[in-house]
Amino acid sequence: SRGLGDVYKRQGLLTGLPTVYIGLTFSAWGNSLSDAFANPALAKMGYGVMAVTGCFAGQLFNTLVGFGSNLIKSSSKGEVEFDLFNWSKLDKNYPSVIVILMAFCNLLISLVLIIIQKFKMGTLYGWYLCSFYVIFMITITTIVIA
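Sequence positions are assigned chain by chain, starting from 1 and proceeding in written order. Where local features are concerned, this predicted model is filtered to residues with pLDDT of at least 70; where side-chain atom pairs are given and counted, the filter is 80 or more; whole-chain, interface and lining totals use all residues. Side-chain measures were taken over the full set of non-hydrogen atoms in the model, leaving aside hydrogen atoms and water.

Draft legend 1. Just the packing of aromatic side chains, in detail. Here the aromatic set is Phe, Tyr and Trp, taking the six-membered ring for Trp, and pairing holds for ring centres within 6.5 Å; pairs whose planes are under 30 degrees apart are stacked, those over 60 apart are edge-to-face, and all others are tilted. This model, assessed by the stated rule, comprises three aromatic pairs. Aromatic pair Tyr128 and Phe132: ring centres 5.7 Å apart, planes at 50°, arrangement tilted. Of this pair, Tyr128 and Phe132 both sit in helix 5 (residues 123–145), separated by four residues, roughly a single helical turn. Only protein chains enter the accessibility calculation, which uses a 1.4 Å probe; a residue whose area is less than 20% of its type maximum is buried, one above 50% is exposed, and one in between is partly exposed. On the accessibility criterion, Phe132 (16% relative accessible area) is buried. The secondary structure listing takes helices from DSSP runs of H or I that are at least 4 residues long and strands from runs of E that are at least 2 residues long, numbered from the N terminus.

See the structure below:
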């Protein structure tokens, strides 16, 4: 993973884009590509609940175990400076803050939509998710490039 971080840093230097942006595009796409093919195949075989569960459980595992275990490892050597919400360093951290805010907004909107639809996810919810991602990518790209 250190090599991948070096690749992101190099790409950031070459393109002038923040490494956070490169991570949220290429790393996120690479991390999710297998799910993008496996989950529809599972759903077509009649395992739609398994596909949806796997989609959310994979991200939950990455967040809780991936981030949690790395935080334990890093903090065992001393205090970890995690200055994501340090307002004096916001110019460096704003892409990460936007990602977190957009994820939180999506979670709230999804909760409302799913409750309104009586916990049945269909075409409308699918269009919402895809549209939200396009809006997110346009927003973050515009902010990072500007």
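After that view, the rundown keeps rolling.
Draft legend 2. View of the packing of helix 2 (residues 19–44) against helix 3 (residues 48–75). Remark: helix 2 packs on helix 3, axes separated minimally by 7 Å, with the N-to-C direction vectors making an angle of 160°. Taken together, the axes of helix 2 and helix 3 lie roughly antiparallel to each other. Viewed along their axes, helix 2 and helix 3 form a crossing whose handedness is right-handed. Contacts between helix 2 and helix 3 involve Asn31, Ser32, Asp35, Asn39, Leu42 and Ala43 from the first element and Gly48, Met50, Ala51, Cys55, Gln59 and Asn62 from the second. Note on geometry: axes are lines fitted to C-alpha atoms, helical ones only across the stretch in contact, with angles between N-to-C directions running from 0 to 180 degrees. Here the angle decides the label: under 35 degrees means roughly parallel, over 145 means roughly antiparallel, 65 to 115 means roughly perpendicular, and every other value means oblique. The sense of a crossing depends on the near helix, which, turned anticlockwise from the far helix by less than a right angle, makes the crossing left-handed and, turned clockwise, makes it right-handed. The contact definition used throughout considers only heavy atoms, calling two residues in contact when any of these lie within 4.5 Å.

Draft legend 3. How the structure looks around the nonpolar core. We define the nonpolar core as a collection of buried residues of types Ala, Val, Leu, Ile, Met, Phe, Trp, Tyr and Cys that are connected through side-chain atoms lying within 4.5 Å of one another. If you look at the biggest cluster of nonpolar residues, it comprises 12 residues: Tyr21, Leu24, Ile98, Met102, Ile114, Tyr125, Tyr128, Phe132, Phe136, Met137, Ile140 and Val144. Those elements giving two or more residues to this core turn out to be helix 2, helix 4 (90–116) and helix 5. Counting residues per element, this core draws most heavily on helix 5, which supplies seven residues. Other than its neighbours up to four places away in sequence, Tyr21 contacts Met137, Ile140, Thr141 and Val144.

Draft legend 4. View of the confidence of the model for the chain. Chain-level pLDDT for the chain is 82 on average; 91% of the residues reach the 70-or-more range. Of all the helices and strands in the chain, helix 1 (residues 2–15) carries the lowest mean pLDDT, 77, while helix 5 carries the highest, 89. The predictor attaches a confidence to each residue, and that confidence, scored 0 to 100, is pLDDT.

Draft legend 5. Representation of a nonpolar patch on the surface in the model. Surface patches are drawn from residues lacking salt bridges whose relative accessible area is over 30%; two like charges belong together within 9 Å, two nonpolar side chains (Val, Leu, Ile, Met, Phe, Trp, Tyr) within 5 Å. A 1.4 Å probe and the Shrake-Rupley method give the accessible areas. Residues count as covered only by the protein chains that appear here. Definition used for salt bridges: Asp or Glu carboxyl oxygen within 4 Å of a side-chain nitrogen of Lys or Arg. Taken together, the side chains of Leu60, Phe61, Leu64 and Val65 present a nonpolar region at the surface, about 400 Å² in accessible area. Inspection of the secondary structure assignment puts Val65 in helix 3.

Draft legend 6. Representation of helix 5 in the model. A helix is expected to span 1.5 Å for every residue after the first. In this model helix 5 runs 33 Å from its N-terminal to its C-terminal C-alpha over 23 residues, within 8% of the 33 Å that 1.5 Å per residue would give. Of the positions making up helix 5, those classed as buried are Tyr125, Tyr128, Phe132, Phe136, Met137, Ile140 and Val144.

Draft legend 7. Inspection of the packing of helix 2 against helix 5 at higher detail. Interhelical geometry of helix 2 versus helix 5 gives an angle of 145° and a closest axis separation of 10 Å. From helix 2, Tyr21, Leu24, Thr25 and Trp29 reach across to helix 5, where they touch Tyr133, Phe136, Met137, Ile140, Thr141 and Val144. Across the contact of helix 2 with helix 5, the residue classes tally to eight nonpolar, two polar and no charged. In this classification, the charged set is Asp, Glu, Lys and Arg, the nonpolar set is Ala, Val, Leu, Ile, Met, Phe, Trp, Tyr, Cys and Pro, and all remaining amino acids, among them Gly, are polar.

Draft legend 8. Highlighting the side chain of Asn39. Structurally, Asn39 can be placed in helix 2. Sequence-distant contacts of Asn39, defined by excluding residues within four places in its chain, comprise Ala51 and Cys55.

Draft legend 9. Just unusual backbone geometry, in detail. Here Lys118, not a glycine, exhibits a phi torsion of approximately 55°, which is positive. With respect to the element layout, Lys118 can be found in the loop between helix 4 and helix 5. A relative accessible area of 65% places Lys118 in the exposed class. Phi at Phe119 takes a positive value of approximately 60°, unusual for a residue other than glycine. The residue Phe119 is located in the loop between helix 4 and helix 5 in this model.

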